[in-house]
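Inside the fold
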Amino acid sequence: MKKFLKRTLLVLFIIASIYGVGRLGVVTYDSYVFVPREPYAVMQTQNSITVKWQSNEFEVGSLEYGFFSDALNKSIKDKKKTKKHSITISGLNECTKYYYKVNSDSLAIDNENRSFTTLCKNADSQKIWVIGDSGKSGKDQDRVYKQMLTQIDNDFSKLDMWVLLGDNAYTSGTQKQYNKNLFTPYKELVKRFVPWAIIGNHDARRWAFYNIWDFPTNGESGGEPSADERYYSIDNGNLHLVMLDSEMRRIDTNSDMAAWLRKDLSKNTKPWVVVALHTPPYTDGGHDSDSDYDSGGRMKKVRENLVPIFDEYGVDLVLSGHSHDYERSKLIVNHTGKSKSFNKQNIVQDAKSCYTKSIKPTKDSGTIYQVCGSSSKLDNADLKHPALPFAFQKMGSLMLDITPTTLSSKFISIDGKILDKFIIKKDKTSCEGIK
Ligand SMILES: [Fe+2]
């Protein structure tokens, strides 16, 4: 009997070892496999940009750029033969649109309408398209995308930024899945905008994620240097946009990310502060923020450890995905418990769609939480979280409009309806008359 048990354990151990080694092989292959990829821009700053692409063969590629599409009068070449190209252009003017094309002998590149714009010191207005859990290509992703295009009259020049809230390439964020679910379907956007993406739990091939993008670690795009690609901020016009990695093991109050976040927010001088992180502190959709175990307890950790920091610095808006639905709070504060503990004291302003705040972010002035994880997928959902009274089991995306004194957000559903919208005003005028 003892012998039988020993043998069984040995067999199980061998099976587990083979599975483990096999799994490691799959994960490594998914992350490191080479795929060809047309050019895209990363590391947008006020005076520089980096363009990356992957050619089929080792070669010296080149990039031409200029103020006009028919006069690309400057060019830069790779320093050596490579398949993974990365060219940084510096010395650019701030808040300026440049056209560019990329030359490759082994990769067919569509250079029509390729452009990038540097970040702005000031901006009268800016329009930001936000998608969450968008990484499943197909009919639904396409329809959500097309409804946004309809909103901007199919005129890309009306858009200023593009933000992705994680789970950008199902099912595990491999290099191939990124080509299929992001770079191909959003090709026309990729040709014109930096995809500012945060990581989701399905971007599980973390090496691939941080290889595809280069993120600022030294405050290059604004904000406090983070010395870590996983969290950083971007200043554009009147906006201070903070990008967090909620999928790390450590999101406690003493973590490096939380320490950096406090420092970054305390030094911010921009009137609008928006935080983007994949895992929401509040949701009653495909995921349940009341559960201590759902998503490895990360929703609870975000709520208990990061929400007090958002409160302390009066963050205006927190954007998340993860639950494949749409949910939105009023202006709320100081809620770190489960949904049943949410009460009137947590509501700073009880309005439906218009809120007022002072121009300078101040402690406990309230935050709006928006979950938009339905840009390509939908889950069954109860949508009964008391902090999130505006909720729809609908696919869609968000459009933010920011001026020096107003921030508005619309949820554009897959059928083109604006199912929810709100405005935060810092212009000292009242909300009277706004429904
Ligand atoms: Fe997720």
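Residues numbered from 1 in each chain as written. Predicted model: local features only at pLDDT ≥ 70, side-chain atom pairs only at ≥ 80, totals over all residues.

1. Side note on the overall build of the chain
- Across its full length, the chain holds seven helices and 23 strands.
- For 435 residues, the compact-globule estimate of 2.2 N^0.38 gives 22 Å, and the C-alpha radius of gyration of the chain, at 22 Å, lies within 12% of that figure.
- Across its three principal axes, the chain shows a C-alpha extent of roughly 85 × 60 × 40 Å.
- In the chain, which comprises 435 residues, the share counted as buried stands at 46%.
- Sequence separation of at least 24 residues holds for 72% of the intrachain contacts in the chain that already meet a minimum separation of 6. (Helix = DSSP H or I, 4+ residues; strand = E, 2+ residues; numbered from the N terminus. Rg over C-alpha atoms; globule rule 2.2 N^0.38 Å. Buried ≥ 20, exposed ≤ 12 C-beta atoms within 10 Å, placed from the backbone. Contact = placed C-beta atoms within 7 Å.)

2. Some thoughts on the domain arrangement of the chain
- Each assigned domain of the chain is listed with its residue range as follows: domain 1 (1–32), domain 2 (37–117) and domain 3 (126–425).
- The C-alpha-based centres of domain 1 and domain 3 are spaced at 39 Å. (Domains from an automatic or database assignment.)

3. What to know about the pairing of strand S22 (residues 406–413)
- As judged from the seven bridges shared by strand S21 (residues 396–402) and S22, these two strands associate in the antiparallel manner. Within S22, the position partnered with Ile402 by the bridge is Leu407.
- The turn joining S21 and S22, which pair antiparallel and follow one another in sequence, is formed by three residues.
- Sheet topology places S22 next to strand S23 (residues 418–425); seven bridges connect them, and they run antiparallel. Paired with Leu407 across the bridge in S23 is Ile424.
- The antiparallel pairing of S22 with S23 creates a hairpin that spans four residues between the two strands, and Gly416 there sits at a positive phi of about 90°. (Pairing = 2+ DSSP bridges.)

4. Quick look at the pairing of strand S2 (residues 49–59)
- As paired strands, strand S1 (residues 37–42) and S2 are joined by four bridges and run antiparallel to one another. Residue pairing across strands places Val42 opposite Thr50, the latter belonging to S2.
- The antiparallel pairing of S1 with S2 creates a hairpin that spans six residues between the two strands, and Met43 there sits at a positive phi of about 50°.
- Bridge count between S2 and strand S5 (residues 82–89): seven bridges; the pairing is antiparallel. Looking across to S5, one finds that Thr50 is bridged to Thr88.

5. Brief notes about the packing of helix H6 (residues 256–267) against helix H7 (residues 298–312)
- Look at H6 against H7: their axes get within 10 Å of each other, and the N-to-C directions meet at 10°. In terms of orientation, H6 and H7 fall into the roughly parallel class. Counted together, Ala258, Leu261, Arg262 and Leu265 of H6 and Asn305, Leu306 and Ile309 of H7 form the full contact between these two elements. (Axes fitted to C-alpha atoms, helices over the stretch in contact; angles between N-to-C directions. Parallel < 35°, antiparallel > 145°, perpendicular 65-115°, else oblique.)

6. Considering the nonpolar core
- Core analysis: the biggest nonpolar cluster contains 94 residues, and Val130 and Ala276 have the highest contact counts within it.
- Two domains each donate at least three residues to this core, and these are domain 2 (37–117) and domain 3 (126–425).
- Residues in contact with Ala276, not counting those within four places in the same chain, are Val163, Leu165, Ile198, Leu241, Met243, Leu244 and Leu319. (Core = buried A, V, L, I, M, F, W, Y, C linked by C-beta atoms within 7 Å.)

7. Focus: the sheet that holds strand S12 (residues 239–243)
- One open sheet accounts for seven strands, arranged S11-S12-S13-S14-S19-S15-S20; its pairing is mixed. Of all the strands in the sheet, just strand S11 (232–236) and strand S20 (390–392) have a single pairing partner and so form its edges. The mean inter-strand angle of the sheet, taken between neighbouring strand axes irrespective of direction, is 15°.

8. Focus on the environment of Lys421
- Counting through the fold element by element, Lys421 comes out in strand S23.
- Accessibility expressed as a C-beta count within 10 Å gives 19 for Lys421, which makes it partly exposed.
- For Lys421 and Val51, which are 370 residues apart along the polypeptide, the C-alpha to C-alpha distance reads 35 Å.
- Setting aside anything within four residues of it in sequence, one finds Lys421 in contact with Ser353, Ser408, Ser409 and Lys410.

9. Section: unusual backbone geometry
- Put simply, Tyr170 and Thr171 share a cis peptide bond, and its omega is 0°.
- Relative to the helices and strands, Thr171 resides in the loop between strand S9 (161–164) and helix H3 (175–183).
- Non-glycine residue Asn113 carries a positive phi angle of around 60°.
- Mapped onto the secondary structure, Asn113 falls in the loop between strand S6 (97–103) and strand S7 (115–117).
- One non-glycine residue, Asp133, adopts positive backbone phi at about 50°.
- Inspection of the secondary structure assignment puts Asp133 in the loop between strand S8 (126–131) and helix H2 (139–151).

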